[in-house]
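Each chain, letter by letter, is given below.
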Amino acid sequence: MGFNDKRKIVIAIDGHSSCGKSTFAKAIAARLGYIFIDTGAMYRSVTLYALEHGGIVDGIVDEDKIVSLLDQIEITFRFNPARGASDVYINGDFAEGKIRTIEVSNFVSPVSSIGAVRSKLVAMQQQMGRHRGVVMDGRDIGTVVFPDAELKIFMTADPKVRAERRYAELTAKGDKVSFEEILENVISRDKADTTRAISPLRKAEDAIVLDNSTMTVEQQMEWFDAELNRVLSSLE
Ligand code: DC
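The shown structure was predicted, so the numbers you read here are calculated from the model rather than taken from an experiment. Once a new chain begins, its residue numbering starts again from 1 and follows that chain's sequence as written. Two thresholds apply to this predicted model, a pLDDT of at least 70 for residue-level local features and 80 or more for giving and counting side-chain atom pairs, whereas whole-chain, interface and lining totals are computed over all residues. Water and hydrogen atoms were dropped before computing side-chain values, which therefore reflect all heavy atoms in the structure.

Draft legend 1. Here's a closer look at the overall build of the protein. From N to C terminus, the protein includes nine helices and 10 strands. A compact globule built from 236 residues would reach a C-alpha radius of gyration of about 18 Å, and the protein, at 17 Å, matches this within 12%. With respect to the three principal axes, the spread of C-alpha positions in the protein is 55 × 35 × 35 Å. Going through the 236 residues of the protein one by one, you find that 47% of them count as buried. Secondary structure is summarised from DSSP: a helix means a run of H or I of at least four residues, a strand means a run of E of at least two, and numbering begins at the N terminus for each. The quantity called the radius of gyration is restricted to C-alpha atoms. Its globule counterpart is 2.2 Å times the number of residues to the power 0.38. Summary of the burial criterion: residues with accessible area below 20% of their type's maximum are buried, those above 50% are exposed, and those between are partly exposed, where the area comes from a 1.4 Å probe applied to protein chains only.

What follows is the structure, encoded as structure tokens:
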């Protein structure tokens, strides 16, 4: 029996920044014919909009202003076959490249710690996954968004390995960044994500840990297949 013959489940992937969650989640979704939802792209979209509409001025995050902007921000995903994943659009405008700059990365943690931002995005995410058959990656998917997810994975990797991966990704795109700047961003985001008051990043009790510091994508997929089989047979 193939994977798709079985009942659809929710797969929650949480973990530290830049440890390949999206690559992993995307590969799993493609394999299962599930929808992949990158929730970080949604927090990044709100951050970009805030930067462009007076919610962040001269490096100062104005929470009240950002909350007042929320009703004007419509975030949608459209599947892009070339990427095998969905691109994010803000009020109908393509925003995929613009949300992944170092500037957005530097402000996304404070923006994602605003309660009203989280409530809006969590409600959208729950709506997107209501028919199950989704792979969702983020920080609070297994703890807050889908505490009843059938398979929860907590991904992590050594901070230096993560910084090297992000550095390679950004420089390949032509971004002028230094390795030290990226490492600093990785470390400070870990701290901000795990210590914030609302929905901090933490491993759900029933999540399984995947430390991929020294694993190839193929090895991670082998690991995943074994875990998926375990979960699916427990549901039969
Ligand atoms: O996955 P990412 O690095 O693109 O996410 C960007 C930021 O968004 C991350 O630093 C924390 C925040 N985030 C969050 O608070 N909750 C989520 N479910 C996803 C991301």
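Draft legend 2. Quick look at helix α8 (residues 179-195). Expected span of a helix, by definition, is 1.5 Å for each gap between consecutive residues, and there is one gap fewer than residues. With 17 residues, α8 ought to run about 24 Å at 1.5 Å a step, and its terminal C-alpha atoms sit 24 Å apart, in line with that. Turning to α8, its buried residues number three or more, namely I182, L183, N185, V186, R189, D190 and D193. With its buried residues spanning 160 degrees around the axis, α8 presents them on a single face. Residues of α8 that are exposed and point more than 90 degrees away from the buried face comprise E180, E184, K191 and T195. Think of the arc as the fan of directions from the helix axis to the C-beta atoms.

Draft legend 3. Representation of the packing of helix α1 (residues 21-32) against helix α9 (residues 217-235) in the model. Fitted lines through C-alpha atoms serve as axes, helices being fitted only where they are in contact, and the angles separating the N-to-C directions of these axes extend from 0 to 180 degrees. Taken N-terminus to C-terminus, the directions of α1 and α9 make an angle of 55 degrees; their axes are 11 Å apart at the nearest point. Judged by the inter-axis angle, α1 sits oblique to α9. In the packing of α1 onto α9, the handedness of the crossing is right-handed. The segment α1 lies against α9, with T23, F24, A27, I28, R31 and L32 engaging V217, Q220, M221, W223, F224, D225 and L228. Its residues assigned to classes, the contact of α1 with α9 shows nine nonpolar, two polar and two charged. Just so you know how the angles are binned, under 35 degrees is roughly parallel, over 145 roughly antiparallel, 65 to 115 roughly perpendicular, and the rest oblique. Crossings are assigned a handedness: left-handed for a near helix turned anticlockwise from the far helix by less than a right angle, right-handed for a clockwise turn. Contact between two residues is taken to exist if any of their heavy atoms lie within 4.5 Å; hydrogens are not considered. Gly is placed with the polar residues, together with every amino acid not listed as nonpolar (Ala, Val, Leu, Ile, Met, Phe, Trp, Tyr, Cys and Pro) or charged (Asp, Glu, Lys and Arg).

Draft legend 4. The arrangement of the sheet that holds strand β9 (residues 151-156) in detail. Strands are treated as partners if at least two bridges between them are detected by DSSP. Reading across the sheet, the five strands line up as β2-β8-β1-β9-β10 and stay open at both edges, with parallel pairing between neighbours. Edge strands, defined here as strands with exactly one partner in the open sheet, are β2 (35-38) and β10 (208-211). Between one strand axis and the next, the sheet turns by 20 degrees as a mean value, whatever way the strands run. Inspection of the sheet shows strand β1 (residues 10-15) paired to β9 by five bridges, in the parallel sense. Bridge pairing in β9 places G15 opposite M155. Taken strand by strand, α1 contacts β1, β2, β8 (134-138), β9 and β10, and its axis lies near 170 degrees from that of β1. Running at roughly 40 degrees to β2, helix α2 (residues 39-52) makes contact with β2 and β8 of the sheet.

Draft legend 5. View of the sheet that holds strand β6 (residues 85-90). Reading across the sheet, the three strands line up as β5-β6-β7 and stay open at both edges, with antiparallel pairing between neighbours. Of all the strands in the sheet, just β5 (75-80) and β7 (93-94) have a single pairing partner and so form its edges.

Draft legend 6. Focus on α1. Compared with the 16 Å implied by 1.5 Å per residue over 12 residues, the 16 Å span of α1 between its first and last C-alpha is a close match. For α1, the set of buried residues is K21, F24, A25, I28, A29 and L32. Buried residues of α1 fall within an arc of 130 degrees about the axis and therefore sit on the same side. Taken together, the buried residues of α1 touch β1, β2, β8, β9, β10 and α9. G33 sits one or two residues past α1 and shows a positive phi near 70 degrees.

Draft legend 7. Representation of the pairing of β6. Taken across its six residues, β6 has six buried, putting it largely inside the fold. In the sheet, β5 pairs with β6 via six bridges, with the strands oriented antiparallel. In the strand pairing of β6, N80 is matched with A85. Linkage of β5 to β6, two consecutive antiparallel strands, is achieved through a turn of four residues, within which G84 is found at a positive phi near 65 degrees. Sheet topology places β6 next to β7; two bridges connect them, and they run antiparallel.

Draft legend 8. Spotlight on the nonpolar core. Among buried residues, the Ala, Val, Leu, Ile, Met, Phe, Trp, Tyr and Cys ones that are joined through side-chain atoms within 4.5 Å form a nonpolar core. Counting 34 residues, the largest nonpolar core has V46, I66 and V117 as its most contacted members. Of all elements in the fold, only β1, α2, α3 (63-69), β6, α4 (102-112), α5 (115-128), β8 and α6 (141-145) reach the threshold of two or more residues within this core. Top contributing element to this core by residue count: α2, with seven residues. Excluding its chain neighbours within four sequence positions, the residues that come into contact with V46 are I66, L70, I73, I75, V111, V117 and L121. F24, A25, I28 and L232 belong to the second largest nonpolar core, which has 23 residues in total.

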